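These are the residues of each chain, in order.
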Amino acid sequence: MKTYDSIQHVRGESKFVDDLFNPEGLLYGYVYYSSIAHGKIVSINLKKALKYAGVRGVFTAEDIPGENQIGGIVPDEVLLAGSKVDFIGQPIALVVADTKLAAKSASKLIDCKIEEYPAVFDPRIACEKGELIIPPRIFSLGDVNNAWSQCEYIVEGKTETGGQEHLYIETQGAVAIPVEGGGIKIYSSTQNPTAVQKVSARILNVPMHKIEVDVPRLGGGFGGKEDQATAWAALAALAASKLQRPVKIILPRQEDMRLTGKRNPYSSDFKIGLNKEGMILAYEVTFYQNAGAAADLSPAILDRTLFHCTNSYYIPNVKATAYSCRTNLLPNTAFRGFGGPQGMFVIESAINRAAEVMGISAHEIQRKNLLKEGDEFPYGQRTEHCRAIRCFEEAEQRYDFKMRKNYVEQFNQENKLVKKGITVMPVCFGISFTTTFMNQASALVHVYTDGSVRISTAAVEMGQGVNAKISVIASKVFSIDISRIKIDSTNTTRIANTSPTAASKGADLNGYAAMKACELILERLKKTACNELKFDDPKKVEIREEHIFYDGNRTPLTWNKLIQAAYLRRVSLSAHAHHATTDIYFDKEKAKGKPFAYHVYGTAIIEATVDCLRGTYKIDSVKVVHDFGSSLHSVVDRGQAEGAIVQGIGWMTIEEVMFDGKGKLMTDALSTYKVPDIQSAPKDMEVHFLEDAANPFGPFNSKAIGEPPLMYGIGAFFAIRNAMKAFRPERQFDFVAPITNERVLLTLYPAERFSGMKPDLAIDDVKTPAALVY
Amino acid sequence: MKKKITFICNDENISIEINPALTVLDYLRDNKRLTGTKEGCREGDCGACTVIVGRLNGKRIVYQTINSCLLPIADLNGKHLVSIEGLNLDGLNIIQEQMVDEGGTQCGFCTPGFIISMTNYFINHSEYDPEKAALALDGNICRCTGYLGIRRAIQNVIAYLNSIPRKNSNQTDFLMKAQILPEYFSSIPKRLKTLSKEIQYDKPTEKKIKPRYVVSGGTDLFVQKWESLLESNVRFISGNEALKEIRKEGNTIFIGGAVTISEFENSPLIRKHLPEVTKYLNLFGSQPIRNRATIAGNIVNASPIADMTNILLALSANLNLTTNKKKRSLPLNEFYLGYKTLNKKEKEIIENISIEIPSKEHYFNYERISRRTYLDIASVNTAALIKSDGKRIIDISISAGGVAPIPLYLKSTCNFFKGKEINSDLVDEAAHYALSEISPISDARGSAEYKSLLLKQLLKAHFIKLFPQLIEVEVLV
């Protein structure tokens, strides 16, 4: 099933925004941004910058004809800061010049005076000060207060998870071209073309119909271009409108890292109660989400943390509280998993701590508490077609968990400086936008007279293979060869009011819409076939591999002939269709409902080796049984699983977003922010497709795949931690991720931490481990 | 500031007047509109812009991968530049096909760089090893696939190539037959030979205007100052054959000032006399970086954490500096006066670096820890050269990087060790003692506290590795 996307990719022929034609008179924009985390803008002097050779304009908040507002969920974020700044990296001005170099050089001549205010970076402190983006959110089930008394073990603790840079290899960018009548055509690298359209219209004070947004494809998104692609497109549109010249903004890598938000870091407290047998009876958890300086998508991310706070387990009594805390950091944003991973890390930590206290393995607790058919989630939905236990048990058997565990124990007895750890990581992830109205999509299908097909949907192709999947769906509906189908760029004039391509829902929503549009045409074609063949029952017409059958018998008609016939008979060969997920709802006030169309299940077994002399580690293997439903495209699905797992491992291990004491990003280049490379990614990975796993709620019984496997990566943390425990069995370890080499070594040798060091070397920004309480 | 540059771009002979400091990345994308080569980071850390550059060596062409974002077009003179577009046949070649079939490509942005690096591996090897092929991708980052599909693709390509009967043809011919390289590759040696007659190389003596920059590998300068390079008078010396020599005189090896890490790594002389050193070199940068970065550049860049410098300090290397008129020598450990401050006159360049070949009584070890093992700058590194009779330390030199403003030679720690019997207590004590010599700072590569602890651990690691029979590890952990 080769699709043209990947064929073009390997030939270097795929066109990304920066690769498109350069329109005549193209100018380049460079964003000037705040270097102060919090303060009042006293003055901005642009004179010198404007005089720089090649500069065509410098634009600030004052130049915005419409509303200076880009906030999506909450209107709390300006496009260009005019009176105050709330984080380092906040755009203040756009310099537009004949060349990239001139724009950048001129930006250095902008003189912006800022009076500095105190800044807050810690979400717990922000929460204490009442700096919340939205009121606290609480999910609850049963009654935790009554449940504690029934618990044999009650264990408390604290966890931290860090941010994560998306590091799509294609940086953010857009090209805006003025068109007649005061309109702007924008080519944008966005997951959310409608947001670009809406915000640009708002900024320019024009109706949305004046703005056309086209998305050829993305060189990776991962959530980082869901909300945060909008500003660059809107800025390009602003300049293009002012100067009536095409304007391109492509963020250089360092600016991309400095100016765009990342995965939300979380600080959390847990309290878990179990009975003697290891059944979890109660779980109380408080999440402090570091939202950064503006809401962005953080409120929705916060919700998903709560939705997934019990991961793959049934817990009868749950109270989960979440605070979205406003700090003076970059507004954090969507990142694959969307709050889910942050929630799951805490329950896994709680289980591990409980296991340590009880003197049993975490695996035993996990196993005993897995979700069963009909179990209720804290948000009121009950499991349907639950496959948590199936995946878990199949992983144990297929990969011989018992034998592996023995092997690890044996190894640890025989080796002094090198230790191994093994862990199991089950995952349950809900599929749907948790904001119900977003679960809609539409598709436009054209069949041309030569029998070829071109499809537009709301889905943006960013490597996740949504084009390939929609091609498969169309080829199945029409029963034609996949090479006849081309998926078009995503364009707001062809498909309006699009939901972002996110929440793993791209293929589900748009696949269903495309299926519906194809079916509309198919119905017409069946009638045409009857007319052509002088038969009377369209229901008996069937297309099988491009041949037309009637009542099971092959007719002389082929796909090509049928299309020709339809055209000559003046039958429409185009259709537009809309799809909305049925039977989902969520009452935000009560925090109860049925927000998800279905859940995805799976289990991973992860092994790691730690060099306890040097504090380094290696992920040895990742073995997975995953519920893909009936896969639409096994190459795409396998690739999504593998890629997500490695990204999740990266988040837990080597990827560390660091800020200095002033709120300046220290890890603002690929030389300081490291993502997995071919050597550090596990070589030994097996992903088994759970068999006999049709999903009645997905197109052709498939399941969503984009996000869920990322959370298997959480197992890497616990595998490393288990190996460390084998080296220092007497010690208590914390739950702070990422578990970098530095953290491993400082944890293994705490006694030596300050010995032999000059006092001035014990600097402040070393994060001491969270206090150990239980 | 324009200069005439003559080379072959894919199948096209090119001769243009152009700013010699323009990067090949910008030339390909802006001038040629060949957009298969992508900009991902402009610092040699992602590999999306990787190209293959071939140079004439006798009758054959030697091809290597280079980050086009760090490569000035000046250095293309007389070379064959291959971008992804120059590899395309009518249909997909086997590498491209396997990358598609095995899910080695998702968003596609990094993919051309991967195809380029894989192709270059197959151009340079006639016997294939999947692990070595994966190492050839050490300069390429993919954020989508997790690399599993890429590894499967490599394996399948290897299986395919091994299934094709090969006569005594050279590898380029073989790959053309295997439909991996386009036919025009066979014409390149002749064409380059003809072209090379037209080329006028920079001769240092001809320069009258004082250059602002002297660039050899440029792998750091083009990261830090590419804008300034475009606007300055630059002297490019990487083509200077006189500075490319690696030779042995008596017991001393001389390494020319323009010798790259790759040339050092692959030199038979080095492999014979410093085998212990070469085995660590694949941890330095990436293959495309090593193909450009020079040993002298690593030294004058004066990064406190430089890998090559760290090793050379332990080997007690000497620098031989020249201004064309005056020459002088000094030990490397006297070269650093302070953070990025050198004991070097402005006009001086490193003519060569000299190393005494270690004897059979010498033990060498190198330790470096970084956040990620490959293509990452170390948090702390240390090299040790220990002369011992197997029991006692006769002589010792240890370096430590990342723990001071300069690449450090641990002078007092070495004195502390000298003459003593090797045992766990000595090592423990010395590792602790070393902390009095260092002054680490906290940065993105680790806290000062971590770096101190790490250095201690790595000093222990030297002895655990080199003298396992003399060390009780329990004492040290």
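Just so we're clear, the structure is a prediction, and the values are computed from it rather than from any experiment. (Residues numbered from 1 in each chain as written. Chains lettered and ligands numbered in written order. Predicted model: local features only at pLDDT ≥ 70, side-chain atom pairs only at ≥ 80, totals over all residues. Heavy atoms only, no water.)

Caption draft 1: Looking closely at the domain arrangement of chain A. Residue and element names in this part refer to chain A. As assigned here, chain A comprises domain 1 (6–118 + 166–259), domain 2 (266–433 + 590–753) and domain 3 (440–580). Just the C-alpha atoms count here: the centres of domain 1 and domain 2 sit 36 Å apart. Each side of the interface is counted separately: domain 1 has 24 residues, and domain 2 has 30 residues. When domain 1 packs against domain 2, close to 2300 Å² is buried across both sides, 60% of that on carbon and sulfur atoms. For domain 1, the biggest contributors to the area lost against domain 2 are I73, F222 and M257; these three give 23% of the whole. Two residues, K662 and E116, come together in a salt bridge whose shortest N-O distance is 3.4 Å. Where domain 1 meets domain 2, there are nine residue pairs in polar contact (both at pLDDT 80 or more). Broken down by element, the residue count for the side of domain 1 that touches domain 2 peaks at five residues, all from helix α8 (residues 253–259). Classifying every residue of the side of domain 1 that touches domain 2 gives ten nonpolar, six polar and eight charged. (Domains from an automatic or database assignment. Contact = heavy atoms within 4.5 Å. Buried area = accessible area lost by both parts, 1.4 Å probe. Salt bridge = Lys/Arg side-chain N within 4 Å of Asp/Glu carboxyl O. Polar contact = N/O pair within 3.5 Å; in protein donor to acceptor, adjacent residues only side chain to side chain. Helix = DSSP H or I, 4+ residues; strand = E, 2+ residues; numbered from the N terminus. Nonpolar A, V, L, I, M, F, W, Y, C, P; charged D, E, K, R; others polar.)

Caption draft 2: How the structure looks around the pairing of strand β3 (residues 55–59) of chain A. All names here are of chain A. For β3, the buried fraction is high: four of the five residues fall into the buried class. Alignment of β3 against strand β5 (residues 91–97), held across four bridges, turns out to be antiparallel. Considered in β5, the bridge of F59 is made with L94. (Buried < 20%, exposed > 50% of the residue type's maximum accessible area, 1.4 Å probe, protein only. Pairing = 2+ DSSP bridges.)

Caption draft 3: Expanded view of helix α5 (residues 148–163) of chain B. Relative to the 22 Å expected for 16 residues at 1.5 Å per residue, α5(B) spans 23 Å between its end C-alpha atoms, a close match to the ideal helical length. Where α5(B) is concerned, the buried positions are B:L148, B:G149, B:I150, B:R151, B:A153, B:I154, B:V157, B:I158 and B:L161. Against the buried residues of α5(B) lie α17 (634–652) and β29 (684–689) of chain A together with α2 (94–101), α3 (111–124), α4 (130–135) and α6 (171–177) of chain B. (Expected span 1.5 Å × (residues − 1).)

Caption draft 4: Seen up close, the interface of chain A and chain B. Counting residues at the interface gives 88 residues for chain A, matched by 91 residues for chain B. Taking both partners together, chain A and chain B bury about 7300 Å²; carbon and sulfur atoms supply 57% of that area. Scanning the region where chain A abuts chain B turns up 13 salt bridges. Here A:K104 and B:E227 are joined by a salt bridge, their closest N and O atoms 2.8 Å apart. Counting every contact that joins chain A to chain B gives 40 residue pairs in polar contact (both at pLDDT 80 or more). When contributions to the side of chain A that touches chain B are tallied by element, the ones reaching two or more residues are α1 (4–11), α3 (100–107), α17 and α19 (741–748) of chain A. No other element matches the eight residues that α17(A) contributes to the side of chain A that touches chain B. Among the residues forming the side of chain A that touches chain B, the class breakdown is 37 nonpolar, 25 polar and 26 charged.

Caption draft 5: Highlighting the sheet that holds strand β17 (residues 393–400) of chain B. The antiparallel open sheet is built from four strands, whose spatial order is β15-β16-β17-β18 (chain B). Either end of the sheet is taken by a strand with one partner, and the two such strands are β15 (362–369) and β18 (408–409) of chain B.

Caption draft 6: Broad picture of the side chain of A:Q164. Along the chain, A:Q164 falls in the loop between β8 (153–161) and β9 (173–179). Polar side-chain contacts of A:Q164 include one of 3.1 Å to the backbone oxygen of A:Q647. Discounting residues that sit within four places of it in the chain, A:Q164 has contacts with A:K262, A:R263, A:F335, A:Q647, A:G650, A:W651, A:E655, A:V657, A:Y673 and B:R143.

Caption draft 7: Highlighting empty space enclosed by the protein. All names here are of chain A. Considering all chains together, one arrives at eleven cavities of 30 Å³ or more under this definition. Approximately 180 Å³ is the volume found for the largest cavity. I70, E77, Q228, A231 and W232 are, among the 17 residues lining the largest cavity, the residues nearest its centre. Residue contributions to the lining of the largest cavity peak at three residues, all from helix α7 (residues 230–243). Tallied by class, residues from the lining of the largest cavity come to nine nonpolar, five polar and three charged. (1 Å grid on protein atoms, 1.4 Å probe; cavity = no way out; pocket = protein on both sides within 12 Å on 5 of 7 lines; lining within 4 Å. Points joined across faces, edges and corners; volume = space filled by probe spheres on them.)

Caption draft 8: Fine view of the side chain of A:E742. In this fold, A:E742 is placed in helix α19. Salt bridges are absent for the buried A:E742, whose nearest opposite-charge side chain, B:R371, sits at 5.5 Å. Among the polar contacts made by the side chain of A:E742, one reaches the side chain of B:S447 at a distance of 2.6 Å. Those residues within four positions of A:E742 in sequence are excluded, and the remaining contacts are B:G446, B:S447 and B:Y450. (Lys, Arg positive; Asp, Glu negative; His and termini not counted.)

Caption draft 9: The arrangement of the packing of aromatic side chains in detail. Residue and element names in this part refer to chain A. Overall, the coordinates contain 36 aromatic pairs over all chains when judged by the stated rule. Note on F307 and F596: the rings are 5.2 Å apart at their centroids and 70 degrees apart in plane angle, and the pair reads as edge-to-face. Here F307, found in helix α9 (residues 298–307), pairs with F596, found in the loop between β26 (592–594) and β27 (598–611); they are 289 residues apart in sequence, far enough to count as distant. Here F596 falls in the buried class, since its relative accessible area comes to 0%. (Phe/Tyr/Trp six-rings, centres within 6.5 Å; stacked < 30°, edge-to-face > 60°.)

Caption draft 10: Region of interest: the sheet that holds strand β3 (residues 50–57) of chain B. Residues and elements named next belong to chain B. Spatially, the five strands line up as an open sheet ordered β2-β1-β5-β3-β4, and their pairing is mixed. Single-partner strands in this sheet number two, and they are β2 (12–18) and β4 (60–67). Put simply, the sheet's adjacent strands are angled 35 degrees from each other on average, direction ignored. Relative to strand β5 (residues 79–82), strand β1 (residues 3–9) runs parallel, the two sharing two bridges. Along β5, the bridge assignment pairs C9 with L81. Where helix α1 (residues 24–31) meets the sheet, its contacts fall on β1, β2, β3 and β5, and the angle it forms with β2 comes to roughly 105 degrees. Each of β3, β4 and β5 touches α3; the most contacted strand, β3, lies at about 30 degrees to it. (Axes fitted to C-alpha atoms, helices over the stretch in contact; angles between N-to-C directions.)

Caption draft 11: Expanded view of the packing of α1(A) against α2(B). The geometry of α1(A) relative to α2(B) is characterised by a closest axis approach of 9 Å and an angle of 140 degrees between their N-to-C directions. Of the possible angle classes, the one that applies to α1(A) and α2(B) is oblique. The two elements α1(A) and α2(B) meet at a crossing, and its hand is right-handed. Touching A:S6, A:I7, A:V10 and A:R11 of α1(A) are B:Q96, B:M99 and B:V100, all from α2(B). Its residues assigned to classes, the contact of α1(A) with α2(B) shows four nonpolar, two polar and one charged. (Parallel < 35°, antiparallel > 145°, perpendicular 65-115°, else oblique. Left-handed = near helix turned anticlockwise from the far one by under 90°.)

Caption draft 12: View of the environment of A:L101. Among the secondary structure elements, A:L101 is positioned in helix α3. As for A:L101 and A:F270, which are separated by 169 residues in sequence, their C-alpha atoms are 51 Å apart. Apart from residues no more than four positions distant in its own chain, A:L101 is found in contact with B:W226, B:E227, B:L230 and B:E231.

Caption draft 13: Quick look at the nonpolar core. Ranked by size, the top nonpolar core spans 230 residues in total, and within it B:F264, B:I299, B:I353 and B:F463 carry the most contacts. It is helix α18 (residues 448–466) of chain B that provides the largest number of residues to this core, a total of ten residues. There are two domains that each give this core at least three residues, and those are domain 1 (6–118 + 166–259) and domain 2 (266–433 + 590–753) of chain A. Contact partners of B:I353, with chain neighbours within four places excluded, come to B:I253, B:F254, B:I255, B:I295, B:A296, B:I299, B:L312, B:A317, B:N318, B:L319 and B:N320. By size, the runner-up hydrophobic cluster in this structure holds 61 residues, among which are A:I134, A:L141, A:I422 and A:L690. (Core = buried A, V, L, I, M, F, W, Y, C linked by side-chain atoms within 4.5 Å.)

Caption draft 14: Structural detail: the pattern of salt bridges. Going through the model one piece at a time under the given rule, you end up with 78 salt bridges over all chains. Between B:R372 and A:D677 there is a salt bridge whose closest N-O contact spans 3.7 Å. With B:R372 in the loop between β15 and β16 (380–388) and A:D677 in the loop between α17 and β29, the pair connects residues from two separate chains. You can call B:R372 buried: its relative accessible area is 3%. B:D395 is the salt-bridge partner of B:K418, the closest N and O atoms lying 3.7 Å from each other. In this pair, B:K418 is assigned in the loop between α16 (411–417) and α17 (424–434) and B:D395 in strand β17, connecting sequence segments 23 residues apart. A relative accessible area of 36% places B:D395 in the partly exposed class. Among the ionic contacts, a cluster of salt bridges with common partners joins A:D18, A:D19, A:K248, B:R29 and B:K38.

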